[in-house]
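Coordinates in review
The chain contents come next:
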Amino acid sequence: MKQTLISSDHALYLKRLKRQTIFINVVRVSLLVLLLGIWELAAALEWVNPFITSSPSRIAKTIADLYRSGDLFYHVGTTLWETLAGFAIAVVVGYSVALLLWWSEVFRKIAEPYIVVLNALPKIALGPLIIIWCGTGSKAIVFMTVLIGLIVAILNMLNGFMATDENKILLLRSMGANKLQILTKLVIPSSLPSFISMLKINVGMAWIGSIMGEYIVSKAGIGYLIVYGGQVFKLDLVMSAVVILCVLAAIMYALVALLERLVIKNR
């Protein structure tokens with residue numbers, strides 16, 4: 001059996017690093033508990049109006065009521081499906097378009113100004129058109145999610161592909177490699193950090209797109225709960241939906257971060 005020997009200085013460094021990680025996690029949790037405690041105390045003592053600001057206990061009660069009525073998983077499932085579908089389509093299509101842009105310099109020069117304009121365009125302005133094109137169902141929300149994440153995916157991956165070391169490309173060419181071999185053996189592997197970065201950014205873009213779509217047209221979902229709660233002044237429901245949204249987004253981001261650690265470990 002092979003044994004890995006490390007120096008005493010390295011062992012001390014790893015021990016300090018572990019302690020620092022534990023300290024950071026403890027401070028994070030403590031800060032969250034402190035903020036929630038101050039929020040609850042301020043609402044209980046009416047330093048702030050609990051009707052407007054809600055409170056952790058009221059939010060917990062609202063989420064429990066949604067669970068008991070069966071509405072919680074229905075609305076969460078609706079938004080989650082729309083978000084994941086839009087996220088996956090935006091990533092796959094954006095990656096593919098970025099590959100085409102890297103492959104053809106002529107195509108890249110033709111498409112670049114259009115991509116810049118589409119990136120600058122406020123996507124919410126297309127809301128009425130999206131409703132006409134896709135109807136008032138989930139298709140419109142998924143389309144909005146794709147629209148918001150697609151350009152981000154294209155630009156991030158294209159930058160990652162274009163950042164490949166030119167000297168390495170010249171080396172492969174001098175060894176007789178064709179463009180496809182350069183792409184598969186060098187460009188794609190070297191762009192993995194950009195791919196992970198793009199996934200992290202698109203997690204937020206996907207949730208923005210799905211909630212924005214539900215603001216415009218929806219009969220279910222977390223965005224629908226926020227809009228409905230605001231219309232009938234059920235601010236506990238609004239805050240509960242926001243908390244659920246934060247938890248779901250954090251879980252999705254954590255999964256991407258886990259993928260990043262696995263990729264780095266296996267490289």
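This section reports on the structure supplied with the text. (Residues numbered from 1 in each chain as written. Predicted model: local features only at pLDDT ≥ 70, side-chain atom pairs only at ≥ 80, totals over all residues. Heavy atoms only, no water.)

With their axes 8 Å apart at the nearest point, helix α10 (residues 192–216) and helix α11 (residues 222–231) run at an angle of 45° to one another. Comparing their axes, α11 and α10 come out oblique. As for how α10 packs across α11, the hand of that crossing is right-handed. Across the interface between the two elements, Ile211, Glu214 and Tyr215 of α10 pack against Ile222, Gly223, Tyr224, Ile226 and Val227 of α11. Per-class residue counts for the contact of α10 with α11 are 6 nonpolar, 1 polar and 1 charged. (Axes fitted to C-alpha atoms, helices over the stretch in contact; angles between N-to-C directions. Helix = DSSP H or I, 4+ residues; strand = E, 2+ residues; numbered from the N terminus. Parallel < 35°, antiparallel > 145°, perpendicular 65-115°, else oblique. Left-handed = near helix turned anticlockwise from the far one by under 90°. Contact = heavy atoms within 4.5 Å. Nonpolar A, V, L, I, M, F, W, Y, C, P; charged D, E, K, R; others polar.)

Looking now at the nonpolar core. Counting 44 residues, the largest nonpolar core has Phe87, Phe161, Leu199 and Ile222 as its most contacted members. Of all the secondary structure elements, the ones that give two or more residues to this core are α4 (71–103), α5 (105–120), α7 (138–162), α9 (179–190), α10, α11 and α12 (235–266). Here this core gets 9 residues from one element, more than from any other, and that element is α7. Excluding residues that lie within four positions of it along the chain, Leu199 makes contacts with Phe87, Val91, Val256 and Leu259. One finds Leu126, Met144, Ile148 and Val217 within the second-largest nonpolar core, a separate group that totals 6 residues. (Core = buried A, V, L, I, M, F, W, Y, C linked by side-chain atoms within 4.5 Å. Buried < 20%, exposed > 50% of the residue type's maximum accessible area, 1.4 Å probe, protein only.)

Across the interface, helix α6 (residues 127–134) lies against α7 with an axial gap of 9 Å and an inter-helix angle of 130°. One element, α6, and the other, α7, form an angle in the oblique class. Where α6 crosses over α7, the two elements pack in a sense that is right-handed. Together, Gly127, Ile130, Trp133 and Cys134 of α6 and Lys139, Ala140, Phe143, Met144 and Leu147 of α7 make up the contact between the two elements. A class-by-class count of the residues in the contact of α6 with α7 yields 7 nonpolar, 1 polar and 1 charged.

Geometric descriptors of this kind do not, in isolation, establish any biological role.
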